[in-house]
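Inside the fold
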Amino acid sequence: MKYSELISFNPIEDVIQLITADDADKAREYVKTYVMSDAMADSLQAPVIDQLQMDEVVDNKGVLVVGNYGTGKSHLMSLFSLIAENADYLPLIQNESARKVLGNIAGKYKVIRFELGSDDELWRLVCYQIDKKLQEWGIDYSITSDDAPDMYIDKLSRMMAQFEAACPTKGLMIVIDEMLSYLKGRATDDRLNRDLAVLQALGQASDHSKFRMVFGVQGLIYNTPQFQFAADMLGRVNDRYRQITITKQDVQFVVQQRLLRKNENQKNLIRKHLGKFVEFFTDMHANIEEYVNLFPVNPTFFENFQQIKIGKS
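Owing to the predicted nature of the structure, the values given are computational and were not obtained by experimental measurement.

Some thoughts on the sheet that holds strand β5 (residues 241-245)
By definition, the strands of a sheet pair up through backbone hydrogen bonds, in either a parallel or an antiparallel sense. One open sheet holds the five strands; their spatial order is β2-β3-β4-β1-β5, and the pairing between them is parallel. This sheet does not close on itself; its edge strands, each paired only once, are β2 (109-115) and β5. Strand after strand, the sheet turns through a mean of 20 degrees between neighbouring axes, direction not considered. By the bridge criterion, five bridges tie strand β3 (residues 171-177) to strand β4 (residues 211-217) in an arrangement that is parallel.

Focus: the nonpolar core
Membership of the largest hydrophobic core comes to 46 residues, with the highest contact counts inside it found for Met 159, Met 179, Leu 199 and Phe 215. It is helix α6 (residues 122-136) that contributes the most residues to this core, seven residues altogether. When sequence neighbours within four positions are dropped, the list of residues in contact with Met 159 reads Ile 130, Leu 134, Tyr 141, Ile 143, Leu 172 and Phe 211. Counting 40 residues, the second largest nonpolar core, distinct from the first, contains Val 48, Val 63, Ile 105 and Ile 244.

Considerations on the pairing of β3
Burial analysis of β3 places seven of its seven residues in the buried class, which makes it a mostly covered element. The alternating pattern of β3 places Gly 171, Met 173, Val 175 and Asp 177 on one face and Leu 172, Ile 174 and Ile 176 on the opposite face, and all of these are buried. The pairing of β2 with β3 spans seven bridges and is classified as parallel. Residue Phe 114 lies in a different strand from β3, and its bridge partner there is Ile 176.

A look at helix α1 (residues 24-33)
Of the residues making up α1, those classed as buried are Ala 27, Tyr 30 and Val 31. One side of α1 holds all its buried residues, which, seen down the axis, span an arc of 95 degrees. Relative to its buried face, α1 has exposed residues pointing more than 90 degrees away, namely Asp 25 and Lys 32. The inward-facing, buried residues of α1 abut α4 (73-85). The opening residue of α1 is Asp 23, an N-cap whose side-chain oxygen sits 3.1 Å from the backbone nitrogen of Asp 25.

With respect to the packing of aromatic side chains
One pass over the full model with this rule turns up three aromatic pairs. On the basis of an interplanar angle of 85 degrees and a centroid distance of 5.0 Å, the ring pair of Phe 215 and Tyr 241 is categorised as edge-to-face. With Phe 215 in strand β4 and Tyr 241 in strand β5, the pair connects residues that are 26 residues apart, well separated along the chain. Considered together, Phe 215 and Tyr 241 belong to a single accessibility category, that of buried residues.

Concerning the confidence of the model for the protein
When pLDDT is averaged along the protein, the result is 83; 82% of the residues meet or exceed 70. In this model residues 299-313 is a low-confidence stretch, pLDDT under 50, and it forms 23 contacts with partners more than four residues away in sequence or in other chains.

Looking at the pattern of salt bridges
By the definition in use, this model includes eleven salt bridges. Residue Arg 124 is joined to Asp 120 by a salt bridge in which the shortest nitrogen-to-oxygen separation is 3.2 Å. A relative accessible area of 24% means that Asp 120 is categorised as partly exposed. Here Arg 158 ties to Asp 146 by a salt bridge, and the two come within 2.8 Å at their closest N and O atoms.

Quick notes on the packing of α6 against helix α7 (residues 152-166)
Closest axis-to-axis distance for the α6/α7 pair is 13 Å, and the angle between their directions is 5 degrees. Taken together, the axes of α6 and α7 lie roughly parallel to each other. Of the residues in α7, those in contact with Trp 123, Ile 130 and Leu 134 of α6 are Tyr 152, Lys 155, Leu 156, Met 159 and Phe 163. Class assignment of the residues belonging to the contact of α6 with α7 gives a composition of seven nonpolar, no polar and one charged.

Considerations on the side chain of Lys 133
Relative to the assigned elements, Lys 133 resides in helix α6. Using a relative accessible area of 15% as the deciding quantity, one classes Lys 133 as buried.

What to know about the environment of Met 160
Along the chain, the position of Met 160 falls in helix α7. Distance in space between the C-alpha atoms of Met 160 and Ser 209 is 8.0 Å, their sequence separation being 49 residues. With sequence-adjacent residues up to four places away left out, Met 160 is seen in contact with Leu 172, Lys 210 and Phe 211.

Conventions we followed
- Residues numbered from 1 in each chain as written.
- Predicted model: local features only at pLDDT ≥ 70, side-chain atom pairs only at ≥ 80, totals over all residues.
- Heavy atoms only, no water.
- Pairing = 2+ DSSP bridges.
- Helix = DSSP H or I, 4+ residues; strand = E, 2+ residues; numbered from the N terminus.
- Axes fitted to C-alpha atoms, helices over the stretch in contact; angles between N-to-C directions.
- Core = buried A, V, L, I, M, F, W, Y, C linked by side-chain atoms within 4.5 Å.
- Buried < 20%, exposed > 50% of the residue type's maximum accessible area, 1.4 Å probe, protein only.
- Contact = heavy atoms within 4.5 Å.
- Arc of directions from axis to C-beta.
- Polar contact = N/O pair within 3.5 Å; in protein donor to acceptor, adjacent residues only side chain to side chain.
- Phe/Tyr/Trp six-rings, centres within 6.5 Å; stacked < 30°, edge-to-face > 60°.
- pLDDT = per-residue confidence, 0-100.
- Salt bridge = Lys/Arg side-chain N within 4 Å of Asp/Glu carboxyl O.
- Parallel < 35°, antiparallel > 145°, perpendicular 65-115°, else oblique.
- Nonpolar A, V, L, I, M, F, W, Y, C, P; charged D, E, K, R; others polar.

Following this line, the structure appears as structure tokens:
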């Protein structure tokens, strides 16, 4: 018996780039193929949806998405920013709980997405992306040209006044990926503190306005050793954001549903096969369904018994 007879394999794109979500065909694919468990849909509520909702624009914070490489961080940010931008994508979501949760922000925003691949000043990069989109939307304003000696938050407030005058029914969401890699490349006292001040202001701008800030990192920036000299500033940034972390369980669910999906007949065949080995593993009988769902890549199973075969392939 071959593995291909036991698994309904659904390939996953190697790397999803946030900026490719601006392409309509990619956007539909990203929404339709995102695999989300009920538990993850529920976990989106407080750190993401409660902060991005537009019914009350009081005490909102920015959103920080944390996920290691390959966990689907960029895919998740693409998903909820696409739904926020276009309610027509909502029916494409496969999970009913996720559709209900994300429906609270569907179609309520204009969105600016970009990845950080430059060592330029963060404020300059953000302003450039804002200006580019404002021009595209027909809004005659440039935040880059605002050279008043004010704080970042004041300049963001003036920009939002222009945006809301032109788009009174919409909020403005900025979504930035690869933030940790960018900050690591600027980890000197002067540069890092300036960039963190920008992040603080972007999170602060979410409070009492229709502006929302989302950024993604591959690890907790607050625990990064090379940033500890800026611990006070990191604490201020932390106060302006709510965090959602993609967990091991979330990734495991994706693996089950996309890479290792099985119909009931396939599951029965695997149960019958694994039944031969139950006596050799103390936890296998109690957790047989986990072994079936993750077969053939259950790490515990193969760390202990790598010689198991499924006959000739």
